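Survey of secondary and tertiary structure
Now for the letters of each chain:
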Amino acid sequence: MWLLGFASLMVYFAPSYQQFPRACATRDALLSKECCPSWDGDGSACGANSGRGFCWDVEVSQEPDGPQYPFSGLDDREKWPLVFYNRTCQCTGNFMGFNCGDCKFGFFGVNCNERRETLRRNVFHLSRAERIRLVSYLNLAKQTISQDYVVPTGTYQEMENGSTPLFTDVSVYDVFVWMHYYVSRNALLGGPGNVWTNVDFGHWAPGFPPWHRFYLLQWEHEIRKLTGDMTFSIPYWDWRDAQDCDVCTDELMGARHPQDPSILSPGSVFSSWRVLCSRPEDYNRRGVLCDARSEGPLRRNPGNHNRNVVERLPTSADVEFTLSLTSYDTGAMDRTANMSFRNTLEGFGDSRSGMGNSSRMSMHAALHVFMNGSMSSVQGSANDPIFLLHHAFVDCIYEEWLRRHRPALSQYPESNAPIGHNGGYFMVPFLPLHTNREFFISSKDLGYEYSHLLDANQRLSESIRPYLEELQGMWGWLVLAGVCGGLLSLALAAVFMHIKYKNLFALPEREPLIFSPDKEENGYNYQSTM
């Protein structure tokens, strides 16, 4: 439980950062539809005086969407972000962020001109210190209220078109929980129970891999800013051929509670976490958005799921078949897509035949169902920290496919994909703005690599690295033990030699050992000497 103490202490020393910039959640900003906050470095909007960026009129893609969502002008996410803002920061060079105050992924330094590549490792190849750091940082993010971002609790219409802002504070971690909820929520068509369920701006279509790639990069970026640890990277869980939840231990993501297997062990720091945005049926029934209130403990009961939906966890063969598919997406580019890498990776295409609309889920979706708890709700799944480890490996598979098939940018669909998924569509609900197509590129162009994709010798080195680090940490004690052992050996040798030479040069006995009948009667049969 010392991790909780560590996190509480860090709250007072580290600011937090992250969706809907606080500076843009005011009445004036909403009525003017402008989100161009000033950069602290020079006090100008978007850091314009320092050449970091400028405030620009947002230009959204006019390409047609697919037929899956037959409405227009009803959902705040349509033509993102125009319902809320039509002017935002456009950053230049290697600068990034809602006020151009950050560096693009892969760049560091005051002027964002230091190029560095980070490595995402297998979570089981982390050293003990790295595992402790991972859990500590996650908990710190959960306990720290975001200073830069707030989340909306009402629609733009409920805000009276900006006149009455409806926003609330959440933690750095929960900003990302809310983002995943908001991108995947059902469309509210007006009134209780009046929703459209066949819509998702981040799943079920081509934008699934790019959206989650940006999401993980942004999460990683904010943890670095929160902690000041620029070396931090998200580890991945390689779940191929797993028989159970290997990361469900108190040392990592939390074991089962001994009395209630649907919640976490009290020995895990995550047992104290509370979830939000996890009750989509309730929001749909009332026709409202999630209000970001606490909704009870984190839940997980891995393996006790509906086996008619998910037969087993994905195998190495499932992954290899998925990687063999040459087309990124096909047909209607939704859950019905056949022989589609994206649809099969996401889990709606059969991982043995490639046929869409599979009656059983596999790959990415199989993990969510298998966890049988908070992870099993699309909208609320990011509440569980396993989400990050799981999606890091999904992103690793996406990266391996990109390297194996080297698709042209033109293979990403420019039009007729389900709403939110065309190449030029700005990804919901991110501010700053980024398109889906921007993240249809290699991870190496974004400043990170996976240990899973290193060559054989490098992978071997990575797998034994934590053990070498443990030995290195014990080296001082081993040297001390060796010195003490050597000194003890010398002392014993000295005693032995002393005794040996004492016997060698001893004077002859004045009386030899004799048998004494008298002493035998008294219980003694000989005299002894050393």
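Everything discussed here concerns the structure shown above.
Remember, predicted model here, so these are calculated numbers, not experimental data. (Residues numbered from 1 in each chain as written. Predicted model: local features only at pLDDT ≥ 70, side-chain atom pairs only at ≥ 80, totals over all residues. Heavy atoms only, no water.)

1. As for the overall build of the protein chain
Tallying secondary structure elements over the protein chain gives twelve helices and 13 strands in all. Looking at the protein chain residue by residue over its 530 residues, the buried ones come to 52%. Summing over all exposed atoms, the protein chain offers an accessible surface of approximately 24300 Å²; the carbon and sulfur share of this is 55%. (Helix = DSSP H or I, 4+ residues; strand = E, 2+ residues; numbered from the N terminus. Buried < 20%, exposed > 50% of the residue type's maximum accessible area, 1.4 Å probe, protein only. Areas by Shrake-Rupley, 256 points an atom, 1.4 Å probe, with all protein chains shown as cover.)

2. Digging into the state of the cysteines
One pass over the structure, following the stated rule, counts seven disulfides. Each disulfide pairs two cysteine sulfurs, and for cysteine 24 the partner residue is cysteine 35, the sulfurs being separated by 2.1 Å. Here cysteine 24 and cysteine 35 share a disulfide; its torsion about the S-S bond, 85°, makes the bridge right-handed. Separated by eleven residues along the polypeptide, cysteine 24 in the loop between α1 (2–11) and α2 (27–32) and cysteine 35 in strand β1 (residues 34–35) bring together distant segments of the chain. By relative accessible area, cysteine 24 is classed as buried at 2%. Disulfide pairing is shown between cysteine 36 and cysteine 55; the S-S distance is 1.9 Å. On the sign convention where negative means left-handed, the S-S torsion of about 75° between cysteine 36 and cysteine 55 marks this disulfide as right-handed. Of this pair, cysteine 36 sits in the loop between β1 and β2 (53–57) while cysteine 55 sits in strand β2, placing them 19 residues apart in sequence. Residue cysteine 55 is classed as partly exposed on the basis of its relative accessible area, which comes to 21%. (Disulfide = S-S within 2.5 Å.)

3. A look at the environment of valine 319
Tracing the backbone shows valine 319 in helix α7 (residues 316–324). Given the relative accessible area of 5%, valine 319 is considered buried. Through-space distance from the C-alpha of valine 319 to that of arginine 240 is 7.7 Å; in sequence the pair is 79 residues apart. For valine 319, the contacting residues outside a window of four places in its chain are Trp239, Arg240, Met363 and Ile397. (Contact = heavy atoms within 4.5 Å.)

4. Topic: the sheet that holds strand β3 (residues 87–91)
The pairing of strands in a sheet comes from backbone hydrogen bonds and takes either a parallel or an antiparallel form. Strand order in the open sheet made by the three strands is β1-β3-β2, with mixed pairing throughout. The sheet is open, and its two edges are formed by β1 and β2, each paired on a single side. Note that β1 and β3 share two bridges and pair parallel. If you follow glutamate 34 over to β3, its bridge partner there is arginine 87. (Pairing = 2+ DSSP bridges.)

5. Some words on the pairing of β3
Looking along a regular strand, one sees side chains alternate from face to face of the sheet. Pairing analysis gives five bridges linking β2 to β3, with the strands arranged antiparallel. If you follow glycine 53 over to β3, its bridge partner there is cysteine 91.

6. Some details on the pattern of salt bridges
Close approach of charged atoms allows side chains with opposite charge to pair. One pass over the structure, following the stated rule, counts 33 salt bridges. Ionic pairing is found between arginine 120 and aspartate 395, a salt bridge with its closest N-O pair at 3.7 Å. Placement of the pair is arginine 120 in strand β8 (residues 118–120) and aspartate 395 in helix α10 (residues 386–405), with a sequence separation of 275 residues. The pair arginine 120 / aspartate 395 is uniform in exposure class, with both members buried. Through salt bridges with shared partners, one network takes in Glu117, Arg120, Arg213, Glu220, Arg224, Asp395, Glu399, Arg403, Lys444 and Glu449. (Salt bridge = Lys/Arg side-chain N within 4 Å of Asp/Glu carboxyl O.)

7. Concerning unusual backbone geometry
For the bond running from tryptophan 80 to proline 81, omega is 5°, close enough to zero to count as cis. Structurally, the position occupied by proline 81 is in the loop between β2 and β3. For the peptide bond that leads from valine 428 to proline 429, omega is -5°, which places it in the cis range. Along the chain, proline 429 falls in the loop between α10 and β13 (448–450). Notably, lysine 33 is not glycine yet its phi reads approximately 60°, a positive angle.

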